[in-house]
Amino acid sequence: SDLQKIAGDIGLEASQFRECIQSRRYQNTVEQDAAEGTRRGVQGTPTVFVNDQVVAGAHPFEYFVNVIEGILDPSKAVAAPAEAVTLPPTVVQFDDLEGRPSVGPQDAPITVVEFSDFYCPFCKRVAPTLEALIRNYPGKVRRVWRHYPLAFHTGADRAHEASECAHEQKKFWAYHDKLFGGDGSPWDDTALIRFAKELDLDKKKFENCLASGKYKDLIQREISKGQQIGVDGTPAVFVNGQLVSGAQPYENFDQIIRDKLAA
């Protein structure tokens, strides 16, 4: 119905559009595109190919200018100036994880820090992968949550505040699962409070926490932290400080962890 509304908003012929959608005639086209992306090594979006050069992630305009000028004139193929582009560092050291929602032992040899957004479908997709790492490497992996609601996801910051209110009552991960269990539609305070009730949280305490806005500043500090270390989209996962960008498959995370444990 949402797709039908969009079609109407831009003036498409309603019955023709509806018949097209219901026939699923473009399903193979979409699946073929996805398969081609996999063959070419695409592990997340956006991934942009400029001729055959891969640009993964949401880089600024200047970075693409640099890539294109290097292709047009190889003598100009130099690294983008630091003032124009800030790329994620190879390794990030975290010393501010105290109090952040986490699962797994604090002295685990592998620490997985995820910057995530409850309204992000790719974050929802990577969550089971990170849960599997905890199961498959018992005692060796610690998973730590960092808030990074994207600016264009209206209302997402409110859901992140609610998760901190659940964290107060030691139910962050259960509340996390409630939020990611939805269909992607925005939640109002009524829904956020209902989730708390379903998890047997102290409803009055949760309501007061949410109404107070006490975690607004914390959410903004988390966003600022992510920006400082080069996070420009979600999910952004750091495995012992090494950035893994996008909802990459389990095998990619598994290999990185194996390499780090071996080292």
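All values reported here derive from a predicted model rather than from experimental measurement.

Asks: Account for the overall build of the protein chain, naming residues and giving values.
Replies: Looking only at helices and strands, the protein chain has 11 helices and seven strands in total. Judged by the C-alpha coordinates and their principal axes, the protein chain covers about 60 × 60 × 35 Å. Total accessible area computed for the protein chain in this model is approximately 15,300 Å², and 52% of it derives from carbon and sulfur atoms. Here the protein chain contributes 30 positively and 37 negatively charged side chains, and the mean placements of these two sets differ by 6 Å.

Asks: Now, about the packing of helix α6 (residues 156-168) against helix α9 (residues 203-212): what can you tell me, with residues and values included?
Replies: At their nearest, the axes of α6 and α9 sit 9 Å apart, and the two run at 140° to each other. Comparing their axes, α9 and α6 come out oblique. Every pair of crossing elements has a handedness; the one defined by α6 and α9 is right-handed. Together, Arg 158, Glu 161, Ala 162, Cys 165, Ala 166 and Glu 168 of α6 and Lys 205, Phe 206, Cys 209, Leu 210 and Ala 211 of α9 make up the contact between the two elements. By residue class, the composition of the contact of α6 with α9 is seven nonpolar, no polar and four charged.

Asks: Before we move on, could you go through the confidence of the model for the protein chain and cite the residues and values that matter?
Replies: On average, residues of the protein chain score 89 in pLDDT, and 94% of them are at 70 or above. Here residues 78-89 scores under 50 on pLDDT; set against residues more than four positions off or in separate chains, the count is 16 contacts.

Asks: Explain the sheet that holds strand β5 (residues 141-147) to me, using residue names and the numbers behind them.
Replies: Hydrogen bonds along the backbone pair up the strands of a sheet, which may run parallel or antiparallel. Strand order in this open sheet of five strands is β3-β5-β4-β6-β7, and the pairing throughout is mixed. Looking at the sheet topology across the chains shown, the edges are occupied by β3 (102-103) and β7 (242-245). Bridge analysis of strand β4 (residues 110-116) against strand β6 (residues 236-239) gives four bridges, and the strand direction is antiparallel. Looking at the pairing, Phe 115 lines up with Ala 236 of β6. Each of β3, β4 and β5 touches helix α7 (residues 172-180); the most contacted strand, β5, lies at about 60° to it. Its contacts with the sheet put helix α11 (residues 250-262) on β4, β5, β6 and β7, and the angle it makes with β6 is roughly 25°.

Asks: Explain the side chain of Lys 225 residue by residue, including any values.
Replies: Looking at the element boundaries, Lys 225 is found in helix α10 (residues 216-228). Overall, the relative accessible area of 15% leaves Lys 225 in the buried class. Excluding residues within four positions of it along the chain, Lys 225 makes contact with Phe 94, Asp 96, Phe 115 and Arg 146.

Asks: Can you break down the pairing of β6 residue by residue, with the values?
Replies: Residues Ala 236 and Phe 238 line one face of β6 and the alternating positions Val 237 and Val 239 line the opposite face, and both faces are buried. Strand direction decides the pairing type here: β6 and β7, joined by four bridges, are antiparallel. What sits directly across from Val 237, in β7, is Val 244.

Asks: Which residues make up the environment of Gly 181, and what values go with them?
Replies: Here Gly 181 is to be found in the loop between α7 and α8 (189-198). The spatial distance from the C-alpha of Gly 181 to the C-alpha of Asn 51 is 39 Å, given a sequence separation of 130 residues.

Asks: Break down helix α4 (residues 61-72) for me, citing the residues and quoting the values.
Replies: Taking 1.5 Å per residue as the helical rise, α4 with its 12 residues ought to reach 16 Å, and the 17 Å between its terminal C-alpha atoms agrees with that figure. Of the residues making up α4, those classed as buried are Tyr 63, Asn 66, Val 67 and Gly 70. Along the long axis of α4, the arc covered by the buried residues comes to 95°, so they all point the same way. Turned more than 90 degrees from where α4 packs its buried face, Phe 61 and Leu 72 sit exposed. Considering only its buried residues, α4 is in contact with β1 (47-50) and β2 (53-56).

Asks: Please give an account of the packing of aromatic side chains that cites residues and values.
Replies: Evaluated as defined, the whole model comprises 14 aromatic pairs. When the ring of Phe 94 is compared with that of Phe 115, the centres are 6.3 Å apart and the planes differ by 35°; the resulting orientation is tilted. Highlighted residues: Phe 94 in the loop between α4 and β3 and Phe 115 in strand β4, separated in sequence by 21 residues. Across this residue pair, the class does not change: Phe 94 and Phe 115 are buried.

Asks: How would you summarise the state of the cysteines if you had to cite specific residues and measurements?
Replies: Scanning the entire structure with this criterion turns up one disulfide. Covalent S-S linkage joins Cys 165 and Cys 209, the inter-sulfur distance amounting to 2.1 Å. On the sign convention where negative is left-handed, the bridge of Cys 165 and Cys 209, at about -85° about the S-S bond, is left-handed. Of this pair, Cys 165 sits in helix α6 while Cys 209 is found in helix α9, placing the two residues 44 residues apart along the sequence.

Calculation notes
- Residues numbered from 1 in each chain as written.
- Predicted model: local features only at pLDDT ≥ 70, side-chain atom pairs only at ≥ 80, totals over all residues.
- Heavy atoms only, no water.
- Helix = DSSP H or I, 4+ residues; strand = E, 2+ residues; numbered from the N terminus.
- Areas by Shrake-Rupley, 256 points an atom, 1.4 Å probe, with all protein chains shown as cover.
- Lys, Arg positive; Asp, Glu negative; His and termini not counted.
- Charge placed at Lys NZ, Arg CZ, Asp CG, Glu CD.
- Axes fitted to C-alpha atoms, helices over the stretch in contact; angles between N-to-C directions.
- Parallel < 35°, antiparallel > 145°, perpendicular 65-115°, else oblique.
- Left-handed = near helix turned anticlockwise from the far one by under 90°.
- Contact = heavy atoms within 4.5 Å.
- Nonpolar A, V, L, I, M, F, W, Y, C, P; charged D, E, K, R; others polar.
- pLDDT = per-residue confidence, 0-100.
- Pairing = 2+ DSSP bridges.
- Buried < 20%, exposed > 50% of the residue type's maximum accessible area, 1.4 Å probe, protein only.
- Expected span 1.5 Å × (residues − 1).
- Arc of directions from axis to C-beta.
- Phe/Tyr/Trp six-rings, centres within 6.5 Å; stacked < 30°, edge-to-face > 60°.
- Disulfide = S-S within 2.5 Å.

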